Amino acid sequence: MLKTFFEENRIQYLENESLKKHTTFKVGGEAKFIALPSCCEQVAVLLRFLKENNIKYYILGKGSNVIFRDEGFDGVIIKTANLQKIEYIDETTVYAGAGVQLSTLCKNLQENSLKGLEFCYGIPGNVGGGLFMNAGAYGGEICNAVCEVEYIDENFELKKLPVQNCDFGYRHSVFQGKNWFITGCTFKLEKGNKEEILGFMEDIMQRRITKQPLDKPSAGSSFKRPVGYFAAALIEECGLKGCSVGGAQVSEKHSGFIVNTGDATCKDIVALAEHVEKVVFEKTGVAIEKEMIIV
């Protein structure tokens, strides 16, 4: 039934696909189907079909903040990778599809002398995931450049939500509590000097390379920043740097990262993260929380 639907609606799909190929942590079992719609119309038709037929689904961007369980996902993963449109509405207003990688968008803006999102350079996610989690780094947050977010609501209608109604906060947006599908976003940027913007982006990338374990699979920073503290400092203070469970390890380069040393399972990662949370709370009284989403 699903294969026929995909083919009739010209929606690209993968069957019995390893989820290791679709997340930056490189763990997880197989997905029964991965659908890759290429426009808002395909997204709406697909969502309606899945709901009407009571088929389980999960919306996936770049997979940089998600890990899938070892038993896999018995349903449809809807991946935003084909929503790749970048359109200049005017000199400083730009629309980007949910599947556009943040680094790709940053480079495109830099080439057009626009600033406001350069802190996103090197974040391994895409626009949709960045909006969903209100991605941030080096003092910036994606919400600060948002004009309005385009999405498909629970009635399968294409809508636009102005930034003031998005309830953006630290690693939070209104989309986390809604059954909506982000399809793209209009950003408002500022004119800047192309070379200065590039210099800032290259500096950020160098800092990432120097301080973060980019040579090993991970989901980026594994824990949210507790108010008044830094998760990595607390973890290191508790002697947990290098601690491991199976193939999962608290990075020896940056203790805020859990990395896959080569053969980690989802079970290993979750067990290690929970161990870190427990030890940090017992030793410091500070509760830290996993940033990665477990599906």
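Structure: above.
1. Some remarks on the pairing of strand β7 (residues 93-97)
Item 1. For β7, the buried fraction is high: 5 of the 5 residues fall into the buried class.
Item 2. Of the two faces of β7, the one holding Thr93, Tyr95 and Gly97 and the one holding Val94 and Ala96 are both buried throughout.
Item 3. In this structure, strand β6 (residues 86-88) lies alongside β7, joined through 3 bridges in antiparallel fashion. Residue pairing across strands places glutamate 87 opposite tyrosine 95, the latter belonging to β7.
Item 4. Joining the antiparallel neighbours β6 and β7 is a turn of 4 residues.
Item 5. In this structure, β7 lies alongside strand β13 (residues 181-188), joined through 5 bridges in antiparallel fashion.

2. Considerations on helix α5 (residues 194-211)
Item 1. In this model, α5 (18 residues) spans 26 Å end to end at C-alpha, consistent with the 26 Å of a helix rising 1.5 Å per residue.
Item 2. Taken residue by residue, α5 has Ile197, Met201, Ile204 and Arg208 as its buried positions. The buried residues of α5 occupy an angular sector of 60 degrees when the element is viewed end-on, so they sit on one face. Every exposed residue of α5 that faces more than 90 degrees away from the buried side is listed here: Glu195, Glu196 and Thr210.
Item 3. If you follow the buried residues of α5, they end up packed against α3 (102-111), β8 (114-115) and β9 (136-137).

3. Quick look at the environment of glutamate 289
Item 1. Here glutamate 289 is to be found in the loop between α7 (266-284) and β19 (293-294).
Item 2. Those residues in contact with glutamate 289 that lie beyond four places of it in its chain are Ser222, Phe223, Lys224 and Glu277.

4. Describing the sheet that holds strand β5 (residues 73-79)
Item 1. An order of β1-β2-β5-β3 is seen for the 4 strands of this open sheet, with the pairing classed as mixed. Both edges of this open sheet fall to β1 (12-18) and β3 (57-60), since each of them pairs with a single strand only. Across the sheet, the mean angle from the axis of one strand to that of its neighbour is 25 degrees, orientation sign disregarded.
Item 2. As defined by bridge partners, β3 adjoins β5 across 4 bridges and the pair is classed as parallel. When the sheet's bridge partners are listed, tyrosine 58 is paired in β5 with isoleucine 77.
Item 3. Those strands touched by helix α2 (residues 40-52) are β2 (30-36), β3 and β5, and its axis lies near 160 degrees from that of β5.

5. Let's talk about the pattern of salt bridges
Item 1. Evaluation of the coordinates by the stated rule reveals 15 salt bridges.
Item 2. Between aspartate 90 and lysine 188 there is a salt bridge, with its nearest N and O atoms 3.9 Å apart. Linking aspartate 90 in the loop between β6 and β7 with lysine 188 in strand β13, this pair joins segments that are 98 residues apart in sequence.
Item 3. Taking relative accessible area as the criterion, aspartate 90 reaches 37% and is therefore assigned partly exposed.
Item 4. One network of salt bridges, in which partners are shared, links Asp153, Glu157 and Lys159.

6. With respect to the state of the cysteines
Item 1. Scanning the model with the defined rule gives 0 disulfides in all.
Item 2. Counting only cysteine sulfurs, cysteine 120 is the nearest neighbor of cysteine 106, a cysteine outside any disulfide, at a range of 5.1 Å.
Item 3. Classification of cysteine 106 by relative accessible area gives buried; the value is 4%.

7. Describing the sheet that holds strand β17 (residues 248-250)
Strand pairing within a sheet occurs via backbone hydrogen bonds; the two strands may be parallel or antiparallel.
Item 1. Reading across from one edge, β15-β18-β17-β16 is the order of the 4 strands in this open sheet, with antiparallel pairing throughout. Each of the sheet's edge strands pairs with one partner strand only, and the pair in question is β15 (218-221) and β16 (244-245).
Item 2. Note that β15 and strand β18 (residues 257-260) share 2 bridges and pair antiparallel. Looking at the pairing, serine 221 lines up with phenylalanine 257 of β18.
Item 3. In this fold α7 packs onto β16, β17 and β18, with an angle of close to 30 degrees to the strand it touches most, β17.

8. Examining the packing of aromatic side chains
Item 1. In total, this model carries 9 aromatic pairs according to the counting rule given.
Item 2. A ring pair is formed by tyrosine 58 and phenylalanine 68, whose centres lie 5.9 Å apart and whose planes are at 85 degrees; its orientation type is edge-to-face. In this pair, tyrosine 58 sits in strand β3 while phenylalanine 68 sits in the loop between β4 (66-67) and β5, placing the two residues 10 residues apart along the sequence. The burial state of tyrosine 58 is the same as that of phenylalanine 68; both residues are buried.
Item 3. Connected via pairs of aromatic rings, a cluster forms that spans Phe5, Phe6, Tyr13, Phe33 and Phe49.

Conventions used here
- Counting starts from 1 at the beginning of each chain's written sequence and moves along it residue by residue.
- Only residues with pLDDT of at least 70 get local features here, since the model is predicted, and only at 80 or more are side-chain atom pairs given and counted; chain-wide, interface and lining totals rely on the full set of residues.
- For side-chain calculations, the full set of non-hydrogen atoms in the structure is used, while hydrogens and water are omitted.
- Only protein chains enter the accessibility calculation, which uses a 1.4 Å probe; a residue whose area is less than 20% of its type maximum is buried, one above 50% is exposed, and one in between is partly exposed.
- Only DSSP runs of H or I reaching four residues or more are called helices, and only runs of E reaching two or more are called strands; each is numbered from the N terminus.
- Strands qualify as paired when DSSP identifies two bridges or more between them.
- Expected helix span is computed as 1.5 Å times (number of residues minus one).
- Comment: arc refers to directions from the helix axis out to C-beta atoms.
- Contacts are assigned to residue pairs with any non-hydrogen atoms lying within 4.5 Å of each other.
- In this analysis, axes come from line fits to C-alpha atoms, helices being fitted only over the stretch in contact, and the angle between any two N-to-C directions falls in the range 0 to 180 degrees.
- We define a salt bridge as a contact between a side-chain nitrogen of Lys or Arg and a carboxyl oxygen of Asp or Glu at a distance within 4 Å.
- In what follows, a disulfide is any cysteine sulfur pair within 2.5 Å.
- The criterion for an aromatic pair is that two Phe, Tyr or Trp rings (for Trp, the six-membered ring) have centres within 6.5 Å, with stacked assigned to planes under 30 degrees apart, edge-to-face to planes over 60 apart and tilted to the rest.

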